[in-house]
Amino acid sequence: MVDIRSTEQDGLAVGMDGLAACEDAGCRQVDLAVTLAGLQFKNPLTTASGTFAPGQKYAELWTEQGVAKSGAAFASLGAVTTKGVSPVAWPGNTGIRIDESASGMLNSIGLENPGVEAFCADDLLWLAAQGAPIIVNVCGHTVAEYVAVIERLEQEQTVSAYELNISCPNIDNSGMAFGIDPVAAAKLTKACRAVTSRPMIVKLTPNVTDITEVARAVEAAGADALSLINTLAGMTIDLNRRKPVFDRVVAGLSGPAIKPVALWAVYRVYQAVRIPLIGMGGVRSVTDVVEFMLAGATVVGIGSYSFTDPLVIPRIARQLADWCAENGVEQVSSLIGALHAA
Amino acid sequence: MINANAKVVSNINLTGNLWQIVLAIDELPELVIPGQYVHLRLEQKAEHMLRRPFSVHRVAVTSEELTSLTLTYQVFGEFTQHMTGLVEGDSVDLLGPLGQGWRLPVRAKAALIVGGGVGWAALAMAAGSLPAFSVPTYLLVGARNADYLQALSVGINDRPYPLDSYGSAAELGASFIHLATDDGSLGHHGMNTELLEELCDNVEFDYIAACGPEPMLVKVAALALERGISCEVSLERRMACGMGSCLSCTVQTRSGSRKVCSDGPVFGAGEIIW
Ligand SMILES: Cc1cc2nc3c(=O)[nH]c(=O)nc-3n(C[C@H](O)[C@H](O)[C@H](O)COP(=O)(O)OP(=O)(O)OC[C@H]3O[C@@H](n4cnc5c(N)ncnc54)[C@H](O)[C@@H]3O)c2cc1C
Ligand SMILES: Cc1cc2nc3c(=O)[nH]c(=O)nc-3n(C[C@H](O)[C@H](O)[C@H](O)COP(=O)(O)O)c2cc1C
Ligand code: FES
């Protein structure tokens, strides 16, 4: 039986972009390409939603530092994943929106975004010229709202895939409510499936007793891939005021502190479903990327660490080819889920 | 904008919890505009994943390759506490210069610069630039006490006023200084904003720049609006990326939600919904 998660290389011409440039004579070229739900990724890297795109300033910095070409600033990415997009503008949360914790951070942004119409007119238009396929992260309060966003985006040629965010701890109605209930998650997935034939990724929350339950439910409802994990629910306290730091008390923990939790979620979900996975949570180095792939991720998302190190993405993209070459890995796709075969 | 290592040239305690650090960096690709900031990270402290923003207080070109940036900082929490431990030769990860600075008028009848405490750091370069455009420039700065005011080097073009002339509307070139301290140890006893009305009655300003605690900014903005004076304020919000990507730093304006890190930190005062 062919595992649909491995790269389908037969008959597929991989462009030079997918091959690591190799300057030492005699060194073998590494194939960094992966396929996820029929989508070709030149390498297994994407941005985690809400932490990067549209990324005009990153494009500026990367080109200025010579790690990207102007006009194709994001060519070092397999895909760019956008911030959550809702049918109309959402204002986001009041009060303090971020706080730091040891090796991590909490956010309570609350999915602020200008709504799908403004997104298409501004961010999407700009992103489409940056040389990477676009995954649009979709959010809503109700099933109908998710469907409305997708229906609008179906008119846009430049959208490569959708990522349904059913896992945000930062909004009151729905958001994570879909993600913690397998029945609601499946219903939402099915409704969205009905309005698009584009690849549809569902993003899971770790804030559940058994993440594999929701994973299986959305797979059965028609999801093409899963991404995990969204942030972990947590809080911080302002000791001077003796008050919670965040107006909503709860916020989402991300960053290096959550990597082991994310790896374990990817590892377990890989065993539970047959669709491919986008793994994320605390990635900050090339070895983190390899670990997520070994646990079962086809694509790996880099999120809040871009705040710490704005050059982390191009650096990992460059180092991934080197790491593979040094470790005798000819095709990066051979790493996917390799831990399970051992 | 670049992301590179800067070397600590010096790091001294000015007074109380006020410190000043000088960083040297290879060739900044662009000029630092008055009001811009840098986003710092201390690599020695890996458990800190968030950078912290600091206004550029002064810029100087030390030799042909090196730019030196002076930052004046107040110790608040862990990050600024760690900063006090930096010594000459240490390296700091610097991202910047970032943000939109002051849109200083090239022609104006008179300009007023209102600073509260360490907020002066964001204004010092503006205070140096305006007289260069021959704009008569007035400073109205408040701080905790005389030591803080002296440590902040309030003045024009790095020429702080001699202490005895503080608070007495002394004249230096085209400029005038008014000072206030919380404890009355120098200048007006109380808040600098208490001098605002009178100053504006006496001088016809057509530009105000303000940086400091938000309640001070609210007062300055209200007065400017009332009198139809064009006014800019520099805002502070907690920042993660500094790159306009994460939306941690938003402020509500009359043209919608804006990012303090990249649309600001300087905004037209009339734009802000306080
Ligand atoms: C554009 C900009 C320019 C700034 N310029 C200067 C400057 O020149 N000199 C200076 O001393 N400070 C400046 N600040 C404030 C400085 O960034 C904070 O004091 C610093 O981040 C506190 O970090 P900490 O870890 O020591 O304190 P934390 O433990 O993080 O927090 C202590 C307190 O500081 C406040 N704080 C935390 N983060 C920020 C933040 N990003 N902005 C404002 N307040 C914050 C909070 O109210 C908190 O209660 C500036 C802020 C901004 C946004
Ligand atoms: C500031 C911020 C905003 C985020 N916004 C979104 C969002 O809009 N939609 C979403 O699905 N996930 C969002 N996330 C979650 C991230 O995409 C990611 O799943 C999580 O942060 C874990 O990865 P990391 O540790 O690499 O950041 C956000 C995270 C952060 C820190
Ligand atoms: S700090 Fe990230 S958008 Fe302003």
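To be clear, the structure that these remarks concern was listed above.
Values in this document were obtained by computation on a predicted structure and should not be read as measured data.

Some remarks on the environment of Ile316(A)
So, step 1. On the secondary structure map, Ile316(A) appears in helix H10 (residues 312-326).
So, step 2. Considered as a pair, Ile316(A) and Asp288(A) are 28 residues apart in the sequence and their alpha carbons are 9.6 Å apart.

Overview of helix H6 (residues 211-220) of chain A
Residues and elements named next belong to chain A.
So, step 1. Residues Ile211, Thr212, Val214, Ala215, Ala217 and Val218 constitute the buried set of H6.
So, step 2. The inward-facing, buried residues of H6 contact helix H4 (176-179), helix H5 (182-193), strand S9 (200-203), strand S10 (225-228) and helix H7 (259-272).
So, step 3. Taken from the residues just after H6, glycine 222 is the one with a positive phi, measuring 115 degrees.

Side note on the sheet that holds S9(A)
Residues and elements named next belong to chain A.
So, step 1. In space, the 8 strands of this open sheet follow the order S3-S16-S15-S10-S9-S8-S7-S4, with parallel pairing throughout. Both edges of this open sheet fall to strand S3 (45-47) and strand S4 (80-81), since each of them pairs with a single strand only.
So, step 2. Note: strand S7 (residues 134-138) against strand S8 (residues 159-165), 5 bridges, orientation parallel. Directly across from valine 138, in S8, lies its bridge partner leucine 164.
So, step 3. Along the sheet, H7 makes contact with S10, strand S15 (277-280) and strand S16 (297-302), crossing S15 at roughly 165 degrees.

Observations concerning the packing of helix H2 (residues 116-127) of chain A against helix H3 (residues 143-153) of chain A
Residue and element names in this part refer to chain A.
So, step 1. Remark: H2 packs on H3, axes separated minimally by 10 Å, with the N-to-C direction vectors making an angle of 35 degrees. Judged by the sense of rotation from one axis to the other, the crossing of H2 with H3 is right-handed. In this structure, H2 contributes Val116, Glu117, Phe119 and Cys120 to the contact, and H3 contributes Val149, Arg152 and Leu153.
So, step 2. Residues that form the contact of H2 with H3 fall into these classes: 5 nonpolar, no polar and 2 charged.

A few points about unusual backbone geometry
All names here are of chain B.
So, step 1. Of the consecutive residues glycine 96 and proline 97, the connecting peptide bond is found in the cis state with omega at -5 degrees.
So, step 2. For proline 97, the location among the structural elements is in strand S7 (residues 91-98).
So, step 3. Phi at serine 153 is positive, roughly 55 degrees, even though this residue is not glycine.
So, step 4. On the secondary structure map, serine 153 appears in the loop between helix H3 (146-151) and strand S10 (155-156).

Structural notes on the site of ligand 2
Residue and element names in this part refer to chain A.
So, step 1. Contacts to ligand 2 come from 23 residues, most closely from Ser49, Lys203, Gly255, Gly282 and Ser304.
So, step 2. Here lysine 83 contributes a side-chain N or O atom positioned 3.1 Å from a nitrogen atom of ligand 2.
So, step 3. For ligand 2, a nitrogen atom lies 3.2 Å from a polar atom in the side chain of asparagine 165.
So, step 4. About the coverage of ligand 2: the protein hides 98% of its 610 Å² of free accessible area.
So, step 5. Looking at the shell around ligand 2, its residues break down into 6 nonpolar, 15 polar and 2 charged.

Concerning the interface of chain B and chain A
So, step 1. If you look at the interface, chain B gives 25 residues, while chain A gives 34 residues.
So, step 2. Taken together, the two surfaces of chain B and chain A that pack against each other cover about 2,600 Å², and 55% of this comes from carbon and sulfur.
So, step 3. A per-residue breakdown of the area chain B buries against chain A is headed by Met1(B), Met49(B) and Arg238(B), which together make up 28% of the total.
So, step 4. When the shortest N-O distance is used, the salt bridge between Arg238(B) and Asp99(A) registers 2.8 Å.
So, step 5. Scanning the region where chain B abuts chain A turns up 17 residue pairs in polar contact (both at pLDDT 80 or more).
So, step 6. The residue makeup of the side of chain B that touches chain A, split by class, is 12 nonpolar, 7 polar and 6 charged.

About the criteria used
- Along each chain, residues carry numbers from 1 onward, in the same order as the chain's sequence is written.
- Starting at A for chains and at 1 for ligands, labels are handed out in the order in which the entities are written.
- Where totals are concerned, whole chains, interfaces and linings use all residues; where local detail is concerned, this predicted model gives features only for residues with pLDDT of at least 70, and gives and counts side-chain atom pairs only at 80 or more.
- The side-chain numbers reported here are obtained from all heavy atoms of the structure, hydrogens and water having been left aside.
- To qualify as a helix, a DSSP run of H or I must reach at least 4 residues; to qualify as a strand, a run of E must reach at least 2; elements of each kind are numbered from the N terminus.
- Each residue's exposure class comes from its accessible area (1.4 Å probe, protein chains only) as a fraction of the maximum for that residue type: buried when under 20%, exposed when over 50%, partly exposed otherwise.
- Residues are treated as being in contact if the distance between any of their heavy atoms lies within 4.5 Å.
- Pairing between two strands is assigned when DSSP locates at least 2 bridges connecting them.
- Inter-axis angles, ranging from 0 to 180 degrees, are taken between N-to-C directions of lines fitted to C-alpha atoms, where helices are fitted over the stretch in contact.
- Left-handed describes a crossing whose near helix is turned anticlockwise from the far helix by less than a right angle; the clockwise case is right-handed.
- Amino acid classes used here: Ala, Val, Leu, Ile, Met, Phe, Trp, Tyr, Cys and Pro are nonpolar; Asp, Glu, Lys and Arg are charged; the rest, including Gly, are polar.
- Proximity is defined per residue: any heavy atom of the residue falling within 4 Å of a molecule or strand makes that residue near it.
- Distance and chemistry together define a polar contact, namely a pair of N or O atoms within 3.5 Å, with one atom able to donate a hydrogen and the other to accept it when in protein, and with adjacent residues in sequence counting only for side-chain atoms on both sides.
- All accessible areas in this document rest on Shrake-Rupley with a 1.4 Å probe, and a residue is counted as covered only by the protein chains that are shown.
- Buried area, as used here, totals the accessible surface that two parts lose on assembly, with accessibility defined by a 1.4 Å probe and the loss added over both.
- Only one rule defines a salt bridge in this text: a Lys or Arg side-chain nitrogen within 4 Å of an Asp or Glu carboxyl oxygen.

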